[in-house]
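Spelled out, the chains give:
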Number of protein chains: 2
Amino acid sequence: MSFRLTKYMPVFDWGRTYNSEALSNDLIAAVIVTIMLIPQSLAYALLAGLPPEAGIYASIVPIILYAIFGTSRALAVGPVAVVSLMTAAAIGQIAETGTMGYAVAALTLAFLSGAILLVMGVFRLGFLANFLSHPVIAGFITASGILIAASQLKHILGISANGHSLIDLLWTLVQNLGNTNIITVLIGASATAFLFWVRKGLKPKLLSMGLGPKLADVATKAGPVAAVLVTTLVTWALGLDGWGVAVVGSVPQSLPPLTMPSFDPDLIRQLFIPALLISVIGFVESISVAQTLAAKKRQRINPDQELIGLGAANLGAAFTGGYPVTGGFSRSVVNYDAGAETPAAGAFTAIGLAIAALALTPLVYFLPKATLAATIIVAVLSLVDFSILKKTWGYSRADFFAVTATILLTLGFGVETGVSAGVILSIFLHLYKTSRPHVAEVGLVSGTHHFRNVLRHKVETDDTLLTLRVDESLYFVNARFLEDLIQDRTAKGSPVRNVVLMCSAINEIDFSALESLEVINRRLTEMEIGLHLSEVKGPVMDRLRKSHLLQDLNGRIFLSQYDAWQALIQAEQQPE
Amino acid sequence: MSFRLTKYMPVFDWGRTYNSEALSNDLIAAVIVTIMLIPQSLAYALLAGLPPEAGIYASIVPIILYAIFGTSRALAVGPVAVVSLMTAAAIGQIAETGTMGYAVAALTLAFLSGAILLVMGVFRLGFLANFLSHPVIAGFITASGILIAASQLKHILGISANGHSLIDLLWTLVQNLGNTNIITVLIGASATAFLFWVRKGLKPKLLSMGLGPKLADVATKAGPVAAVLVTTLVTWALGLDGWGVAVVGSVPQSLPPLTMPSFDPDLIRQLFIPALLISVIGFVESISVAQTLAAKKRQRINPDQELIGLGAANLGAAFTGGYPVTGGFSRSVVNYDAGAETPAAGAFTAIGLAIAALALTPLVYFLPKATLAATIIVAVLSLVDFSILKKTWGYSRADFFAVTATILLTLGFGVETGVSAGVILSIFLHLYKTSRPHVAEVGLVSGTHHFRNVLRHKVETDDTLLTLRVDESLYFVNARFLEDLIQDRTAKGSPVRNVVLMCSAINEIDFSALESLEVINRRLTEMEIGLHLSEVKGPVMDRLRKSHLLQDLNGRIFLSQYDAWQALIQAEQQPE
């Protein structure tokens, strides 16, 4: 139990102080989560285009590995809706659902995703997840929710449909509408209606009946289990599978099998970008949940160690018949609310699911796929939230533009295009904004030493002195902007004899900007105009001292803008 | 001559005041530039893998179109070294040199490049060129110079070699070394040595002989013409072409022909990215030269109109047997130094070249390709400048890293990979730097109202008050950084009761950062810690007023950090 081991395996941290109170809390949470996870795992496997047992398998070994390597005490790892959809989108392009190739591609995707997460963790690249802006994530999740719900409509109607964009999905659905199975629709529609009622109507009712809010919550979460039980029983009793109702069918009674991902270079090349997107999206979803839950107990999450935990979980999924997994929002919240104290709760959940895989799988033979689709639809519609459009419209048009593009491109071209375009667009918009920074011409507020924007305040100015405050770091994207600006402001006929750059908001001057300053200095020198700097920050000044600019500068460096004002105005006034 | 016309056709601006003095100056400059351009145009066509006349044609109509639409008075447009290399790299992958397909691909590349430049000009997208940082450009030009020189060695040795990376070039060269033609080597080596001497030794000599510096410069620039004349005469007189010396051969005696680029969608798809890179690189080279020359006379360049001028020039090249062109450094400097006053000098140069194309082409039949290669090698080695490595190493490691990667990738994988990687890397490094901004904990400098970094200055602090000055705009890439930082600094056991964010260096708070501030506020509220902002800038405050943050904030907004200090320290001290 060396220092290194504790660092990379947080289990040794919480494991040392584990006691019987924590044990009983963890056990209770595990039972509740297990019951909730059985239908959810089956449903998400269906969404990913995989056989139902893949969902159960993906919840067993990954949970245990995360318990050993992860830092969150409440996070529950396993298949989640968005990652399942992304899995279907990635593999759907290279293999047919139901084939051996499809299952192997899913294992390979989990393997690649695990490897990428591990490498990101070891090299501390967790910050890469920050390249997804909040509005892009919100837009992507909303659009994914719609896509997922649309993809499940076929199961509710008992027909086939496919496609990775909303239009493809709906179009193939409409084409096959004639084959609708009316009994399937009855089961699917009533399950959906029931689950919506459980979500919206049951909880207030239970609360008004005097049930505690936590218990009411657990009862609400048991809704899908009830729907599964009732529709399975009805289907079995009435032999509805003989009437065309698609059922889950026989699921092997087995612990997770030992499986091997494929190491075919062609397959790896095809799956690498999808695996990267799945890793980053999965990590963002997981870390958000983990941080929210940790903050409630003033616990700390280590993002780089989280990458290792999730990486290990995905590698586990790859070798035990699963598919890409991550820390899920709903399962983690249920785990937390049910009182889980340590990752041991996850391990107990894994045991519960292993028992289910061994003993309970024959019971789901008659479970209609329409019921699973109903649980998915009701779950994901809570992800759909267009309020981000209104919020960003009011606050920032650039963010609004990014979120709108992400939603439209995800719906129109699928998850991979949508999220990639969102990332590229937010980076581009940010660079674009900083390429035309806010520059204020400032003057002295009378009676003070303060300098303010001449357009916003009544200030003293002097025709021979041009003072510009650039409200942005100077770097290659905006370097030429400043050259142009100063060339404009000192063009033929201007009375300016001194230019002062007030640098209070300049946090960095990169090499391109340094060269631009040198060009500006050279041009102003030719025009016999002085160039001065004021209020340069410590770190920026340290950097400038390593360059030639300070020697070459035709003017001076002033500690404060007021010093510059006094020195330059007096120098101009003396000769007259 | 409406307002719009003058705006889009600067020719009407300078044309109105054209007089006989300007005419005579322009004519002299045109004669000098024409003499220099004849061998240069032939040589660059050779570099681009095109027949020699393509270089002449590419200098005629494009110059005239630029004279009409461009804003620089001294810029000379035509084939340049780097763009010729990029043309060879782009077309070499899809057609064999010397075939019809190759020539048509070159026309198509010019057409696409012209269209891209025009679109960028009309939509005012000139700022896209700023995404190339100075070090990336410097590294790219240096590596291109080496690649170009290496690609010309085969002509000096009289053997064949090809490839787009330095290793490929040198390797194929070594493999064919056995076929070296000794007479070609003699011509090539002596031409190279002569041209180097002209550049390094002749000018000082002429100056010491009492020649004026301008005249000495012109004489030096005539070196390639002398080399061409002498080696052509020797080859013709001794019949060296019969001894295996590769000569230019027969060049059609013709004005630029009317040609059509291909509109094949497949070809356009293949050439689009290369055309984009050529457009941006060409634009950057051209605008740098134009601005340098304009600044000397306090003239103005309009970058968006320059895009239109260069776009028109490239479209002209596409329809008159040329290939992509841009404003060249050496030809523009010669034009400027020779006294060109207006773009009319360019038009006269075009006439000179047209006469050459009609009358002089038979004279270059015996011109050895080795001589042309020598002129290229000597010209491009002046582009090679590794000092950028030393300069960036001293000033900024990120810039050093970007320039090193650009050089190595350009040499190792060719121009397209090199420049693309350089752009992506600089953007990534910039985002990375801003993702971990400099954050100073500040305290009060005794006896003043100033707050400074506690690590750099002796300041007063208070355990219950944590004041952080974030030296970076807050946006999605660093939003979570601040969340983590504040969570760390207020973790269990800390005595902090108030956190103040001093916002003097925050130029923007985007939607992601706004949400992070809301999360921070919520978490601090749960821990009963106050969150306050001070010195928020006008534009940032305007934006925040549109959000919920100001209502939700558990603390206050202070105009100055000193106000915050007084209010919060006193509030803490009163109850005690």
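Check the entry above for the structure.
Residues numbered from 1 in each chain as written. Chains lettered and ligands numbered in written order. Predicted model: local features only at pLDDT ≥ 70, side-chain atom pairs only at ≥ 80, totals over all residues. Heavy atoms only, no water.

### What about the overall build of chain A?
And then number 1: Broken down by element type, chain A carries 25 helices and eight strands.
And then number 2: In terms of overall dimensions, chain A has C-alpha extents of about 105 × 60 × 60 Å along its principal axes.
And then number 3: Split into buried and exposed, the 576 residues of chain A put 56% on the buried side.
And then number 4: Taking the contacts inside chain A whose residues are at least 6 apart along the sequence as the reference set, 79% of them involve residues at least 24 apart.
And then number 5: Accessible area of chain A: about 23900 Å², with a carbon and sulfur share of 64%. (Helix = DSSP H or I, 4+ residues; strand = E, 2+ residues; numbered from the N terminus. Buried < 20%, exposed > 50% of the residue type's maximum accessible area, 1.4 Å probe, protein only. Contact = heavy atoms within 4.5 Å. Areas by Shrake-Rupley, 256 points an atom, 1.4 Å probe, with all protein chains shown as cover.)

### Here's the deal with the packing of aromatic side chains
Residue and element names in this part refer to chain A.
And then number 1: As enumerated under the stated definition, the model contains 24 aromatic pairs over all chains in all.
And then number 2: Ring geometry for F451 and W565: centres 5.9 Å apart, planes at 65°, overall edge-to-face. A residue pair is termed long-range when its members are at least 10 positions apart, and F451 in strand β4 (residues 451-453) and W565 in helix α25 (residues 561-573) qualify at 114 residues.
And then number 3: Classification of F451 as buried rests on a relative accessible area of 8%. (Phe/Tyr/Trp six-rings, centres within 6.5 Å; stacked < 30°, edge-to-face > 60°.)

### Description of the sheet that holds strand β8 (residues 557-558) of chain B
Paired through their backbone hydrogen bonds, the strands of a sheet run either parallel or antiparallel.
All names here are of chain B.
And then number 1: The strand order across the open sheet formed by six strands is β4-β3-β5-β6-β7-β8, and the pairing between neighbours is mixed. The open sheet has two edge strands with one neighbour each: β4 (451-453) and β8.
And then number 2: Pairing of strand β6 (residues 498-502) with strand β7 (residues 530-534) involves five bridges; the strand directions are parallel. Within β7, the residue paired with V500 across the bridge is H532.
And then number 3: Sheet strands touched by helix α21 (residues 476-489): β3 (439-444), β5 (465-470) and β6. Its angle to β5, the strand with the most contacts, is close to 160°.
And then number 4: Most of the contacts of helix α22 (residues 511-526) go to β7, to which it runs at about 140°, and overall it touches β6 and β7. (Pairing = 2+ DSSP bridges. Axes fitted to C-alpha atoms, helices over the stretch in contact; angles between N-to-C directions.)

### A few points about the interface of chain A and chain B
And then number 1: Chain A puts 73 residues into the contact, and the matching count from chain B is 72 residues.
And then number 2: Both faces considered, chain A and chain B share a buried interface measuring about 6400 Å² in area, 54% of it formed by carbon and sulfur atoms.
And then number 3: When the buried surface of chain A facing chain B is broken down by residue, R298, Y395 and F511 of chain A rank first, second and third, together holding 14% of it.
And then number 4: Summed over the shared surface of chain A and chain B, the result is six salt bridges.
And then number 5: Connecting chain A to chain B are 26 residue pairs in polar contact (both at pLDDT 80 or more).
And then number 6: Sorting the residues of the side of chain A that touches chain B by element identifies α8 (134-157), α13 (265-296), α18 (387-395), α20 (415-435), α21 (476-489), α22 (511-526) and α23 (538-545) of chain A as the ones contributing at least two each.
And then number 7: Broken down by element, the residue count for the side of chain A that touches chain B peaks at eight residues, all from α20 of chain A. (Buried area = accessible area lost by both parts, 1.4 Å probe. Salt bridge = Lys/Arg side-chain N within 4 Å of Asp/Glu carboxyl O. Polar contact = N/O pair within 3.5 Å; in protein donor to acceptor, adjacent residues only side chain to side chain.)

### Overview of the sheet that holds β4 of chain A
Residues and elements named next belong to chain A.
And then number 1: Ordered by their spatial adjacency, six strands build an open sheet running β4-β3-β5-β6-β7-β8, and the pairing between neighbours is mixed. Strand pairing shows two members of the sheet lacking a second neighbour, β4 and β8 (557-558), which therefore form its edges.
And then number 2: Here α22 sits on the sheet and contacts β6 (498-502) and β7 (530-534); the angle it forms with β7, its principal contact strand, is near 140°.

### What about the pattern of salt bridges?
And then number 1: Going through the model one piece at a time under the given rule, you end up with 18 salt bridges over all chains.
And then number 2: When the shortest N-O distance is used, the salt bridge between E508 of chain A and K433 of chain B registers 2.8 Å. Highlighted residues: E508 of chain A in the loop between β6 and α22 and K433 of chain B in helix α20 (residues 415-435), drawn from two different chains.
And then number 3: Since its relative accessible area comes to 11%, E508 of chain A is described here as buried.
And then number 4: One salt-bridge network, held together by shared partners, links R456 of chain A together with D542 and R545 of chain B.

### Quick notes on the side chain of T375 of chain A
And then number 1: Residue position: T375 of chain A is located in helix α17 (residues 369-381).
And then number 2: When neighbours within four sequence positions are excluded, T375 of chain A is seen to be in contact with A43, L195 and P224 of chain A.

### A word on the relation of the copies chain A and chain B
And then number 1: Of the transformation superimposing chain A on chain B, the axial component is 0.0 Å and the angular component is 180°, with the fit at an RMSD of 0.1 Å. On this basis, the relationship between the two copies can be described by a two-fold rotation axis. Looking at the rotation axis and the C-alpha trace of chain A, the residue lying nearest is A505 of chain A, at 2.3 Å. (Least-squares fit on C-alpha atoms with pLDDT ≥ 70 in both.)

### Considering the environment of I187 of chain B
Residue and element names in this part refer to chain B.
And then number 1: Within the secondary structure, I187 is located in helix α10 (residues 182-208).
And then number 2: Spatially, the C-alpha atom of I187 lies 9.4 Å from that of V234, the residues being 47 residues apart in sequence.
And then number 3: Apart from residues no more than four positions distant in its own chain, I187 is found in contact with T231, T235, L240, V245, P368 and T371.

### A closer look at the side chain of T34 of chain A
All names here are of chain A.
And then number 1: With respect to the helices, strands and loops of the structure, T34 is situated in helix α3 (residues 20-47).
And then number 2: A relative accessible area of 9% places T34 in the buried class.
And then number 3: Here the side chain of T34 touches A30 through a polar contact of 2.6 Å, landing on its backbone oxygen.

### Considering a nonpolar patch on the surface
All names here are of chain A.
And then number 1: Taken together, L229, V230, V234 and L238 make up a surface patch of nonpolar side chains, about 370 Å² in accessible area.
And then number 2: If you trace the backbone, L229 turns up in helix α12 (residues 223-238).
And then number 3: Since its relative accessible area comes to 52%, L229 is described here as exposed. (Patch = residues over 30% accessible without salt bridge, like charges linked within 9 Å, V, L, I, M, F, W, Y side chains within 5 Å.)

### As for the pairing of strand β5 (residues 465-470) of chain A
Residues and elements named next belong to chain A.
And then number 1: Most of β5 sits out of view: six of its six residues are buried.
And then number 2: Alternating positions in β5 separate into two faces, L465, T467 and R469 on one and L466, L468 and V470 on the other, with burial throughout.
And then number 3: Summarising the sheet, strand β3 (residues 439-444) and β5 pair through three bridges and their orientation is antiparallel. If you follow E441 over to β5, its bridge partner there is L468.
And then number 4: Sheet topology places β5 next to β6; five bridges connect them, and they run parallel. Following the sheet pairing, T467 is matched in β6 by V500.

### Comments concerning helix α9 (residues 166-175) of chain B
Residue and element names in this part refer to chain B.
And then number 1: Along α9, the residues classified as buried are L166, L169, T172 and L173. Along the long axis of α9, the arc covered by the buried residues comes to 145°, so they all point the same way. In α9, the exposed positions angled more than 90 degrees off the buried face are occupied by I167, W171 and Q175.
And then number 2: Residues of α9 that are buried in the fold lie against α8 (134-157) and α19 (397-413). (Arc of directions from axis to C-beta.)

### Observations regarding the pairing of β7 of chain A
Residues and elements named next belong to chain A.
And then number 1: Of all five residues in β7, five are buried; the element is thus mostly enclosed.
And then number 2: Residues G530, H532 and S534 line one face of β7 and the alternating positions L531 and L533 line the opposite face, and both faces are buried.
And then number 3: With α22 bridging β6 and the parallel β7, this β-α-β connection has right-handed handedness.
And then number 4: For β7 and β8, the ladder comprises two bridges, and the chain directions are parallel. Looking across to β8, one finds that S534 is bridged to F558. (Right-handed = clockwise from strand over helix to strand, strands pointing away.)

### Some thoughts on helix α6 (residues 81-92) of chain B
Within an α-helix, residues lying three or four positions from one another point in the same direction, as the helix has 3.6 residues per turn.
Residue and element names in this part refer to chain B.
And then number 1: Compared with the 16 Å implied by 1.5 Å per residue over twelve residues, the 16 Å span of α6 between its first and last C-alpha is a close match.
And then number 2: For α6, a buried count of eleven out of twelve residues is recorded, marking the element as mostly surrounded by other parts of the structure.
And then number 3: Those residues of α6 that fall on the buried side of the exposure criterion are A81, V82, V83, S84, L85, M86, T87, A88, A89, A90 and I91. (Expected span 1.5 Å × (residues − 1).)

### Regarding the environment of G55 of chain A
All names here are of chain A.
And then number 1: Along the polypeptide, G55 turns up in helix α4 (residues 52-57).
And then number 2: Measuring from C-alpha to C-alpha, the distance between G55 and L258 comes to 15 Å, with 203 residues separating the pair along the chain.
And then number 3: If near-sequence neighbours (up to four positions away) are discounted, G55 is found in contact with S41, A45, P79 and Y323.

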